[in-house]
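Each chain is listed here by its residues.
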Amino acid sequence: MLEAAPEHGARPHDERVSRQRHRARAGVGSPGNPPPGTPMPALFEGQLALLHACVLEIARLHDAHQVINKGLDCCLELTGSTAGFLDLLDEDRTHREMTLFMGVEVDPLFIAAHRTIPLQRSVAGVVVTEGRIKLSNQVTSDPDSSGWPDGHPEIRTFLGAPLQGRDGVIGMVAVANRADGYDQGHARLLGALSSHLAVAIENARMYERQRQTISGLEGRQAELSATSARDAINARLRALDQLVAAQEEERRRIADDIHADSLQVLDAAILRLEMLSRRTSDAALQGQISEVRAAVGDAEDRLRHLLFNLRPPAIDAPQGLRLALHDHLERIGEASGIRLELDVEVSDEVPIQVRLTLFRIAQEAIANVVKHAQASLLRVQAGMKDEGIWVRVEDDGRGFPVGHGLSPAGHFGLTEMRGRAELAGGWLTIRSGEGPGTLVECWVPQR
Amino acid sequence: MRSRSIRVAVVDDVPTMRSTLEDLVSGHRWFDLVGSASTAEEAIELACLLRPDVVLLDVRLPGGGAQAARGIRACSPRTNVVAISVLADRHSVSAMEAAGACSYLEKGTATMLDIVSAIERAAASAEDLPSAP
């Protein structure tokens with residue numbers, strides 16, 4: 001059992017040196033830090049090997065928690081101790097945070113009450129405040145001792161070493177209650193290991209900070225890409241939406257102009273030609289007037305067709321889709337020679353934009369049938385489903401090969417219409433070639 | 001056979017059409033052109049003042065054709081309204097009939113004779129109505 005000695009040796013130099021030499025011969029180190037110049041006691045080969053192994057193991061870890069655990073474990077093993085603790089300082093470096101206990105039964109109330117300990121002069125405290133190894137084999141009578149708080153485990157022998165970081169002491173590691181006490185050899189071992197441990201802890205913290213930074217940056221970049229991609233898409237959709245709206249608005253204005261002036265003027269001209277014809281009994285003259293009247297009538301008819309194709313006036317009414325489709329089919333019907341069926345059941349609440357979109361899609365599909373299908377029957381249906389409106393246009397004609405893109409050459413209108421349907425949040429499909437005829441089907445949400 | 005001329009007013013906001021209808025009416029032996037208007041407001045004023053037998057009323061008017069028809073009928077119940085329009089879409093037709101028009105003509109398809117007979121028929125049905133108290 002080694003006698004306790006104060007850390008700051010007050011004895012004369014010679015006496016201390018001779019005591020050390022004596023202890024070195026005995027194979028044990030002297031307590032307390034030897035004065036500078038004193039040869040350190042040799043470490044046993046076994047101890048060196050163990051130190052080496054511990055240092056390697058710790059160096060491989062980069063998780064701070066693992067480093068601390070493994071580190072304290074090694075300290076216990078190296079010094080032949082069963083009890084120990086490791087403290088890290090708080091951010092302000094004014095308190096020790098009791099980080100880890102090993103091998104000691106500690107009252108949970110004690111831990112709760114002493115989660116952090118202000119730095120002060122005490123057996124453990126001086127390790128941190130003075131940044132030096134503290135060895136004591138009679139702790140209760142040690143001059144640095146300031147007594148124990150309630151619930152503190154009994155400490156008889158003590159060896160503590162600071163954890164020296166880059167910018168100063170970051171904490172401490174201590175081992176305790178070795179039955180035979182501690183010597184300079186243990187102090188040297190603990191000193192060596194604690195240096196490595198401090199570096200490992202700082203590295204682990206740096207690793208963790210960098211990992212978090214990278215993770216944060218990656219997260220933000222992903223967010224930015226997603227956001228900017230989303231924003232870009234939304235901006236384009238809005239632009240397209242505005243384009244379509246502007247297109248419809250222009251059509252409405254042109255239709256209004258045709259409606260307001262040009263058609264009426266032609267109608268007035270036709271009436272006047274009739275009136276003129278009645279003013280004469282000259283058959284030849286009447287004949288001429290009749291020719292003129294026919295020509296003007298033809299112009300009027302074409303203009304009227306143009307107006308309806310541009311924007312059916314009926315679309316403005318609540319049942320606009322049904323009325324416009326009806327008028328449209330009526331105009332086509334006789335000329336085309338196709339049998340026409342119309343069945344539309346939609347609510348009054350359908351917004352005008354949706355009515356127009358669906359009308360245009362149906363208009364395009366119908367035009368294709370009339371132009372290419374050589375059909376005998378054309379059926380147009382519409383109804384409500386899933387908070388939206390569906391429209392079907394089918395015929396019993398030739399059909400066309402669908403597959404290379406949406407439409408064969410000359411049928412780009414339907415590709416555009418699919419674009420319109422999708423822009424409005426819906427879809428459009430074409431089925432053809434699997435049997436007679438073609439089926440164009442679309443759905444648009446009611447919004 | 002009528003005892004007197006049919007008193008007709010013409011309402012249309014397109015000048016070329018209005019003048020054509022005016023000439024059509026004045027050119028007829030038994031029609032008297034009593035006035036013409038180009039807005040719903042003017043049409044109602046005219047009807048209230050002159051109480052014509054028939055008003056030839058364009059559907060697309062500033063102030064609304066249906067509005068004009070209602071005002072005319074309210075002011076002068078014996079006046080019959082013949083609605084005339086560039087487009088005979090069913091929505092417009094039913095709206096005008098609901099507002100009190102007794103017949104509807106489409107400018108593109110209606111001939112001069114169609115217009116004349118429509119006016120005559122309207123005048124005849126007006127005579128059948130009991131006089132307003």
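Preceding block: the structure.
Residues numbered from 1 in each chain as written. Chains lettered and ligands numbered in written order. Predicted model: local features only at pLDDT ≥ 70, side-chain atom pairs only at ≥ 80, totals over all residues. Heavy atoms only, no water.

Q: Just give me the short version of the overall build of chain A, but keep the residues and values in it.
A: Along chain A, the regular secondary structure elements total ten helices and eleven strands. By residue count, 43% of the 447 residues in chain A fall in the buried class. Put simply, 62% of the contacts in chain A that link residues at least 6 apart link residues at least 24 apart. On chain A, roughly 24,000 Å² of surface is accessible, and the fraction owed to carbon and sulfur atoms is 52%. (Helix = DSSP H or I, 4+ residues; strand = E, 2+ residues; numbered from the N terminus. Buried < 20%, exposed > 50% of the residue type's maximum accessible area, 1.4 Å probe, protein only. Contact = heavy atoms within 4.5 Å. Areas by Shrake-Rupley, 256 points an atom, 1.4 Å probe, with all protein chains shown as cover.)

Q: Talk me through the side chain of Q363(A); I want residue IDs and the actual numbers.
A: Residue and element names in this part refer to chain A. Mapped onto the fold, Q363 is located in helix α9 (residues 352-373). On the accessibility criterion, Q363 (12% relative accessible area) is buried. Setting aside chain neighbours within four positions, we find Q363 in contact with F308, N309 and H328.

Q: Pulling in residues and values, what's your account of the packing of helix α2 (residues 45-60) of chain A against helix α3 (residues 64-79) of chain A?
A: Residue and element names in this part refer to chain A. Between α2 and α3, the shortest axis-to-axis distance is 10 Å and the interhelical angle comes to 175°. On the basis of their axis angle, the class for α2 and α3 is roughly antiparallel. The residues of α3 that touch α2, namely those facing Q47, L50, L51, C54, E57 and I58, are V67, K70, G71, C74, E77 and L78. Taken together, the residues of the contact of α2 with α3 break down into seven nonpolar, two polar and three charged. (Axes fitted to C-alpha atoms, helices over the stretch in contact; angles between N-to-C directions. Parallel < 35°, antiparallel > 145°, perpendicular 65-115°, else oblique. Nonpolar A, V, L, I, M, F, W, Y, C, P; charged D, E, K, R; others polar.)

Q: Please provide a residue-by-residue account of the state of the cysteines, values included.
A: Residue and element names in this part refer to chain A. Counted by the stated rule, this structure contains one disulfide over all chains. In this structure C75 is a free cysteine whose sulfur lies 7.1 Å from that of C74, the closest cysteine sulfur available. Since its relative accessible area comes to 0%, C75 is described here as buried. (Disulfide = S-S within 2.5 Å.)

Q: Go over the sheet that holds strand β11 (residues 438-445) of chain A, please, and point to the residues and values.
A: All names here are of chain A. Pairing is mixed across the open sheet formed by five strands, whose spatial order is β7-β8-β9-β11-β10. Edge positions in the sheet fall to β7 (339-344) and β10 (427-432), since each has one partner strand and no second. Strand-to-strand, the axes of this sheet are offset by a mean angle of 10°, without reference to chain direction. Taken strand by strand, helix α8 (residues 320-336) contacts β7 and β8 (377-385), and its axis lies near 175° from that of β7. Those strands touched by α9 are β8, β9 (388-395), β10 and β11, and its axis lies near 5° from that of β9. (Pairing = 2+ DSSP bridges.)

Q: Provide a residue-level description of the interface of chain A and chain B, including the pertinent values.
A: Taken together, the 24 residues of chain A in the interface contact 24 residues of chain B. Interface area for chain A against chain B, summed over the two sides, is near 2,100 Å², with a carbon-plus-sulfur share of 63%. Broken down residue by residue, the surface that chain A buries against chain B is led by Q264(A), L271(A) and R272(A), which jointly contribute 27%. There are two salt bridges connecting chain A and chain B. A salt bridge links R304(A) to E106(B); the nearest nitrogen and oxygen atoms lie 2.8 Å apart. Inspection of the region where chain A meets chain B yields seven residue pairs in polar contact (both at pLDDT 80 or more). Elements that contribute at least two residues to the side of chain A that touches chain B include exactly α6 (184-278), α7 (283-310) and α8 of chain A. Ranked by the residues each element gives to the side of chain A that touches chain B, the list is headed by α6(A), at 14 residues. (Buried area = accessible area lost by both parts, 1.4 Å probe. Salt bridge = Lys/Arg side-chain N within 4 Å of Asp/Glu carboxyl O. Polar contact = N/O pair within 3.5 Å; in protein donor to acceptor, adjacent residues only side chain to side chain.)

Q: Tell me what's going on with a nonpolar patch on the surface, and back it up with residues and numbers.
A: Residue and element names in this part refer to chain A. A cluster of nonpolar residues, I233, L237, L240 and L243, forms a patch on the protein surface that exposes about 380 Å² of accessible area. Turning to its location among the elements, L243 is positioned in helix α6. Overall, the relative accessible area of 58% leaves L243 in the exposed class. (Patch = residues over 30% accessible without salt bridge, like charges linked within 9 Å, V, L, I, M, F, W, Y side chains within 5 Å.)

Q: Now, about the pattern of salt bridges: what can you tell me, with residues and values included?
A: Opposite charge on two side chains allows them to pair when their charged atoms are near. In this structure the tally under the stated criterion is 32 salt bridges over all chains. The salt bridge partner of R4(B) is D53(B), with a shortest N-O separation of 3.0 Å. In this pair, R4(B) sits in the segment before β1 (6-11) while D53(B) sits in the loop between α2 (40-50) and β3 (54-58), placing the two residues 49 residues apart along the sequence. Residue classification places R4(B) among the partly exposed positions, given a relative accessible area of 38%. Residue classification places D53(B) among the buried residues on the basis of a relative accessible area of 11%. One salt-bridge network, in which partners are shared between bridges, spans R339(A), E341(A), R379(A), R392(A), E394(A), R431(A) and E441(A).

Q: I'd love a proper account of the layout of surface pockets, names of residues and values included.
A: The computed volume of the largest pocket comes to approximately 560 Å³. For the lining of the largest pocket, the elements supplying multiple residues, two or more each, are α6 of chain A together with α3 (65-75) and α4 (90-98) of chain B. Considered class by class, the residues forming the lining of the largest pocket number eleven nonpolar, six polar and six charged. (1 Å grid on protein atoms, 1.4 Å probe; cavity = no way out; pocket = protein on both sides within 12 Å on 5 of 7 lines; lining within 4 Å. Points joined across faces, edges and corners; volume = space filled by probe spheres on them.)

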